[in-house]
Amino acid sequence: MTSVDGAVATDADGTGHPAGPVRVDLVFEPGARRVRVPHGVTLFDAASWNGIAIDSTCGGHGTCKKCKVRVLDDGADTPSELDVRAFSPDELRQGWRLACRAQALSDSRVDVPPLVTRPKAATVGVGRQVILRPAVQKRYLELAEPSLSDQVTDAERVLAALDDLEPRIDLGVLRTLGRVLRAADYKVTAVVVDDVLIGVEPGDTSARRFGIAFDLGTTTVVATLLDLSTGTPAAVASVLNAQQPFGADVISRISATMLDPAALDRLRALAQETLAGLAAEVCAQGGADPAEVYEVALAGNATMTHLVLGIDPEPLGMAPFIMATRLFPEVLAGDLGIAVHPRGRAVVFPAFGAYVGGDITAGLLASGMDRDARIRLFVDIGTNCEIVLGNREWLLATAAPAGPAFEGAAIRCGMRAADGAIEVVTMTPEKCELTVIGDAEPAGLCGSGLVDAVTGLVRLGLVDPSGRFVPEEQAAALAPGLAGRLTRLGEERVFVLHWLGAPGDVARSIYLSQRDVRELQFAKAAIATGWRILLEEAGLAPGDVQQVLLAGSFGSYLSPANAIRLGLVPEIGVLRVVSAGNVAGEGAKMALLSLRERAAGLALLEEVRYVELSDRADFNDRFVAQLPFPG
């Protein structure tokens, strides 16, 4: 019998015979990262506990089949039913398993495919010209030295010289003020943010002041370093949100905090690590010392904002969907885990509701929805689709549960928009042409490619308005060059986009399944139901919409013509459907560059009326009515 911290445990009948190891040693490759974990835990959990990122969009619940790893040295356990469906017999023999189902039963080496940390993302978007008036101000001061006849305090001496700003002084400044003044011979630069003196620097540093605008997305995070003296971007970078192993959508991450109280601290740390890493990267790119960054702005959905600040998100995940707050108290950059100036401030965009968050507030600010006389429809398509309708007189907002199809999750051959993802599909009756990100060998299908593929099949008649693949004979008559691609994988009908192996080897191809078409149908129906309800609330018809703004990274790469063809947006002239790009990031930039625009962002809270869809008795009937594709 061995003690608990030994390698062997006794069996339940007390005979003393070994029942299996209590702890298992795993070595994760590449990098030979050795960890020791309890016997029987999943490889996914073993990796997550130790900070090793394994791709997943469902958070380890066995639904996305993305967490593929290879167990080396013949250490793989018996394949699960999910493994059998996810891998070919050869791959199973080679040790490939789904990490969320494979258990750590013996000492093993596990090869983890590299996680795509930089998916293709929109880093800029539609914005407006602003009058440069940042909250961060610098004043170079040459002060008179004190004497027995001039015993004014150090703080009063500095504040008196800032008569045009009239700030209050931060305690952290007082702690070192005397030393800085005397070492610099009273020639210093005062740094004021809003109405607070946050720093006094030796010499004349007035030409150096920076801010960082963050778009904290559920999938991708974008950071832009701004030179606040000129208003120009100095550097931009994007990266996958490090919370990704907890699931692709906000509900998965909220659920994680409900199931495990420790998950909130872990999610907060991962979000802050993401922001901190991007801040360091853009400062290095732009040639700025992090201490020269005096303010940051953060635009994120309500869940991401709650998580990065360590606020319990559980009430967001269940009716009646209540946020802790719409407006946040004074926040420092350090509260977000960002290593910039130690007293640097943070602007956190407020939210309209639990599912129309600060990223939409920032997007509306950038797009000028509240300043335009035209009736415009703002649609940020993602797992949760935010929709705003209106003009300068009124604004209505809602959120529609689109599901994860646009992120590549829940799609059999889906993936994020990274190298190897099919992003454009062009079909004629004779051929199917693909455009792949990075000009690489196709590895999967991202959201824009999914929309293109389904649109092409609907347009050619290979998918009928109900969303079903048509019979083989009908397909051969409609599109003879494509009919051979419409085949079966087991009992399920699929359309092959690209043969990875020999033609005819469907299991090793990149294909669109009947279920994938259904996933897109559900997403399309939810979005269309959302904007149609807003139109009815306003007493308008679809033809009254004068412009549609497709926001976010997905909206940047979605074909406007295909969005209209599928019914994702109203049927208007294609030139009136505009890819707005990363408008959340643009709004965050504007908040750093202009106090006037920052105030306008706050004013939006009182100008937008939120329409809740989940409590409408007619929502399900309306949703079903929008499922068919336009004929």
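Residues numbered from 1 in each chain as written. Predicted model: local features only at pLDDT ≥ 70, side-chain atom pairs only at ≥ 80, totals over all residues. Heavy atoms only, no water.

**Q** Help me understand the overall build of the protein, please; the structure alone is not making it clear to me.
**A** Within the protein, the secondary structure is distributed over 17 helices and 29 strands. Taken over the C-alpha trace, the protein has a radius of gyration of 28 Å; the compact-globule value for 631 residues is 25 Å, and the two agree within 12%. The dimensions of the protein, computed from C-alpha atoms along their principal axes, are 100 × 75 × 45 Å. For the protein, the residues scored as buried account for 54% of the 631 residues in total. Counting only contacts in the protein whose residues sit at least 6 apart along the sequence, the fraction spanning at least 24 positions is 64%. (Helix = DSSP H or I, 4+ residues; strand = E, 2+ residues; numbered from the N terminus. Rg over C-alpha atoms; globule rule 2.2 N^0.38 Å. Buried < 20%, exposed > 50% of the residue type's maximum accessible area, 1.4 Å probe, protein only. Contact = heavy atoms within 4.5 Å.)

**Q** Is there a simple way to think about helix α4 (residues 154-161) in this case?
**A** The α-helix advances 3.6 residues per turn, and as a result positions three or four apart in sequence lie on the same side. Taken together, the buried positions of α4 are Asp154, Ala155, Arg157 and Val158. Burial along α4 is one-sided: seen end-on, the buried residues are contained in an arc of 165°. (Arc of directions from axis to C-beta.)

**Q** I'm lost on the packing of aromatic side chains in this one. Help?
**A** Note on aromatic pairs: each is described by the distance of the centres and the angle between the planes. Within the structure shown, the criterion is met by four aromatic pairs. Among the aromatic residues, ring-to-ring pairing joins Phe522, Phe619 and Phe623 into one connected group. (Phe/Tyr/Trp six-rings, centres within 6.5 Å; stacked < 30°, edge-to-face > 60°.)

**Q** Just to check I follow, could you spell out unusual backbone geometry for this structure?
**A** Residue proline 30 is reached from glutamate 29 by a cis peptide bond, and omega for that bond is -5°. Positionally, proline 30 belongs in the loop between β3 (23-29) and β4 (33-38). Note the cis peptide between alanine 319 and proline 320, where omega equals 10°. By the element assignment, proline 320 lies in the loop between α8 (302-308) and β16 (331-332). The residue aspartate 185 is not glycine, and still its phi comes out positive at about 55°. Along the chain, aspartate 185 turns up in the loop between α5 (171-183) and β10 (187-193). Of note in the backbone geometry, phenylalanine 321 takes a positive phi value of approximately 60° without being a glycine. Judged by relative accessible area, phenylalanine 321 falls into the partly exposed class, the value being 25%.

**Q** What's the story with the nonpolar core in this structure? I'm lost.
**A** Note on soluble globular proteins: their nonpolar side chains tend to be buried together. Counting residues in each nonpolar core, the largest one holds 82 residues, and the members touching the most others are Ile212 and Phe214. With eight residues, helix α7 (residues 263-286) is the single largest residue contributor to this core. Here phenylalanine 214 is in contact with Val222, Ala223, Leu275, Leu278, Ala279, Val296, Ala297, Leu298, Ala299, Ile338 and Ala588, once residues within four sequence places are set aside. Counting 72 residues, the second-largest nonpolar core is a separate cluster that includes Leu377, Leu460, Val463 and Phe554. (Core = buried A, V, L, I, M, F, W, Y, C linked by side-chain atoms within 4.5 Å.)

**Q** Help me understand the side chain of serine 108 in this model?
**A** By the element assignment, serine 108 lies in strand β7 (residues 108-111). Of note is the side chain of serine 108, whose polar atom sits 2.9 Å from the backbone oxygen of serine 106. (Polar contact = N/O pair within 3.5 Å; in protein donor to acceptor, adjacent residues only side chain to side chain.)

**Q** What am I meant to see in the sheet that holds β10 here?
**A** Pairing between the strands of a sheet is mediated by backbone hydrogen bonds and can be parallel or antiparallel. With respect to topology, four strands assemble into an open sheet ordered β8-β10-β11-β9, the strand pairing being mixed. Among the strands making up the open sheet, the edge pair consists of β8 (136-142) and β9 (168-169). Where β9 lies against strand β11 (residues 196-202), two bridges are found, and the strand directions are parallel. Among the inter-strand pairings, arginine 168 is bridged to a residue of β11, identified as valine 196. Sitting on the sheet, α5 touches β9, β10 and β11, and the angle it makes with β11 is about 25°. (Pairing = 2+ DSSP bridges. Axes fitted to C-alpha atoms, helices over the stretch in contact; angles between N-to-C directions.)

**Q** What is the right way to look at the environment of isoleucine 422 in this model?
**A** Here isoleucine 422 lies in strand β21 (residues 421-427). The spatial distance from the C-alpha of isoleucine 422 to the C-alpha of isoleucine 510 is 9.5 Å, given a sequence separation of 88 residues. If we skip the residues at most four places from it in the chain, isoleucine 422 touches Leu434, Thr435, Val436, Pro442, Gly444, Leu445, Cys446, Gly449 and Ile510.

**Q** Got a minute to help me understand the confidence of the model for the protein in this structure?
**A** Should pLDDT be low for a region, the predicted coordinates there are not to be read in detail. Per-residue confidence for the protein gives a mean pLDDT of 88, with 93% of residues at or over 70. pLDDT under 50 marks residues 1-18. Its contacts with residues more than four places away, or in other chains, come to 26 contacts. (pLDDT = per-residue confidence, 0-100.)

**Q** Explain the pairing of strand β12 (residues 210-216) to me, please; I cannot follow it from the model alone.
**A** Within a regular strand, side chains alternate between the sheet's two faces. With respect to burial, β12 is a largely interior element, seven of its seven residues being buried. Alternating positions in β12 separate into two faces, Phe210, Ile212, Phe214 and Leu216 on one and Gly211, Ala213 and Asp215 on the other, with burial throughout. Relative to strand β13 (residues 220-227), β12 runs antiparallel, the two sharing seven bridges. Among the inter-strand pairings, isoleucine 212 is bridged to a residue of β13, identified as leucine 225.

**Q** Is there a simple way to think about the state of the cysteines in this case?
**A** The bond known as a disulfide is covalent and runs between the sulfur atoms of two cysteines. Under the defined criterion, the tally for this structure stands at zero disulfides. Here cysteine 413 is not cross-linked by a disulfide; its sulfur's nearest cysteine counterpart is in cysteine 446, at 13 Å. Using a relative accessible area of 13% as the deciding quantity, one classes cysteine 413 as buried. (Disulfide = S-S within 2.5 Å.)

**Q** I tried to follow the pattern of salt bridges on my own but got confused; where do I start?
**A** Here the idea is simple: oppositely charged side chains can pair when their charged atoms come close. Throughout the structure, instances matching the rule amount to 28 salt bridges. For aspartate 150, the salt bridge goes to arginine 157, with nearest N and O atoms at 2.9 Å. One salt bridge in this structure joins lysine 431 and glutamate 433, with 3.1 Å as the shortest N-O distance. Using a relative accessible area of 46% as the deciding quantity, one classes lysine 431 as partly exposed. Via salt bridges that share partners, Glu536, Glu537, Arg609, Arg616, Asp618 and Arg622 belong to a single interconnected network. (Salt bridge = Lys/Arg side-chain N within 4 Å of Asp/Glu carboxyl O.)

**Q** Honestly, the sheet that holds strand β5 (residues 68-72) in this entry has me stumped. Any pointers?
**A** Read across the open sheet, the five strands follow the order β4-β3-β7-β5-β6; overall the sheet is mixed. Two strands lie at the open edges of the sheet, namely β4 and β6 (96-98), each paired on one side alone. Strand-to-strand, the axes of this sheet are offset by a mean angle of 35°, without reference to chain direction. Bridge count between β5 and β7: three bridges; the pairing is antiparallel. For leucine 72, the partnering residue across the bridge sits in β7 and is arginine 109.

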